[in-house]
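Structure assessment
The residues making up each chain are set out below.
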Amino acid sequence: MSDGYNFQQLKAAILALSRATDWEVAKKEWRLVEISEADEPETCLCGHFPIIELCSISNATTGKSVDVGNVCVKRFLGFRSDLIFQSLKRVRADLDRAIGPDATAFFHERQVITDWEYQFQQSTLRKRNLSERQLATRRSINRKVIAAVRRRGLS
Ligand SMILES: [Zn+2]
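Comments concerning the overall build of the protein
- When its secondary structure is counted, the protein shows 7 helices and 4 strands.
- Along the protein, from the amino end to the carboxyl end, the secondary structure elements read α-α-β-β-β-α-α-α-α-α-β.
- For the protein, the C-alpha atoms occupy an extent of roughly 55 × 30 × 30 Å along the three principal directions.
- Burial statistics for the protein: of 155 residues in total, 43% are counted as buried.
- Sequence separation of 24 or more characterises 55% of the internal contacts of the protein that already satisfy a separation of 6 or more.
- If you sum the accessible surface of the protein, you get close to 8,700 Å²; carbon and sulfur atoms cover 49% of it.

A look at the domain arrangement of the protein
- Taken domain by domain, the protein holds domain 1 (7-79) and domain 2 (83-152).
- Summarising the inter-unit geometry, the C-alpha centres of domain 1 and domain 2 are found 25 Å apart.
- Domain 1 puts 16 residues into the contact, and the matching count from domain 2 is 13 residues.
- Surface buried jointly by domain 1 and domain 2 totals about 1,400 Å² across both partners, of which 45% is contributed by carbon and sulfur atoms.
- Ranking the residues of domain 1 by area buried against domain 2 places Ile35, Glu37 and Asp39 at the top, with a combined share of 46%.
- Here domain 1 and domain 2 share 3 salt bridges between them.
- Scanning the region where domain 1 abuts domain 2 turns up 4 residue pairs in polar contact (both at pLDDT 80 or more).
- Secondary structure elements with two or more residues in the side of domain 1 that touches domain 2: strand E1 (30-42) and strand E2 (51-59).
- The class makeup of the residues in the side of domain 1 that touches domain 2 is 6 nonpolar, 2 polar and 8 charged.

Here's the deal with unusual backbone geometry
- A cis amide bond links phenylalanine 49 to the next residue, proline 50, at an omega of 0 degrees.
- Take proline 50: it is sitting in the loop between E1 and E2.
- Of note in this structure, glutamine 111 is not a glycine but carries a positive phi near 65 degrees.
- Structurally, the position occupied by glutamine 111 is in the loop between helix H5 (101-109) and helix H6 (115-124).
- Glutamine 111 gets classed as exposed once you look at its relative accessible area, which sits at 70%.

The rules behind each value
- Residues numbered from 1 in each chain as written.
- Predicted model: local features only at pLDDT ≥ 70, side-chain atom pairs only at ≥ 80, totals over all residues.
- Heavy atoms only, no water.
- Helix = DSSP H or I, 4+ residues; strand = E, 2+ residues; numbered from the N terminus.
- Buried < 20%, exposed > 50% of the residue type's maximum accessible area, 1.4 Å probe, protein only.
- Contact = heavy atoms within 4.5 Å.
- Areas by Shrake-Rupley, 256 points an atom, 1.4 Å probe, with all protein chains shown as cover.
- Domains from an automatic or database assignment.
- Buried area = accessible area lost by both parts, 1.4 Å probe.
- Salt bridge = Lys/Arg side-chain N within 4 Å of Asp/Glu carboxyl O.
- Polar contact = N/O pair within 3.5 Å; in protein donor to acceptor, adjacent residues only side chain to side chain.
- Nonpolar A, V, L, I, M, F, W, Y, C, P; charged D, E, K, R; others polar.

Right, here's the structure in full:
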């Protein structure tokens, strides 16, 4: 691929960590477990540099985990991590906005937001006119989500 994202290289690296030998099957062994942001740009498994938005993916069958760039995760594995990063950018810029459905489900699954907050998110996600109290809750959820995404580069 001419834009620096080398699918063959990524595929070989992921297959080496998978049980399945067929790519379409191997993909299904993986799930998105965490997102983070690099302080120092890193290199994706596909060879692309620089990547800042990192997705940790894990294989339930082999127990392997690996970090892949946000673009490859979406393009080649089909996870919508890009929507989670978009939500993050949106609420960083304006705490009064809401994170989207993908981020809501992801951060609930990671236990960053509680069951109650999960319900709250669903009933207020698309609302623009919140009461003061609802707005305070939304901001508190946003702060937790922002704090949950680790920056790395010290390790
Ligand atoms: Zn990549």
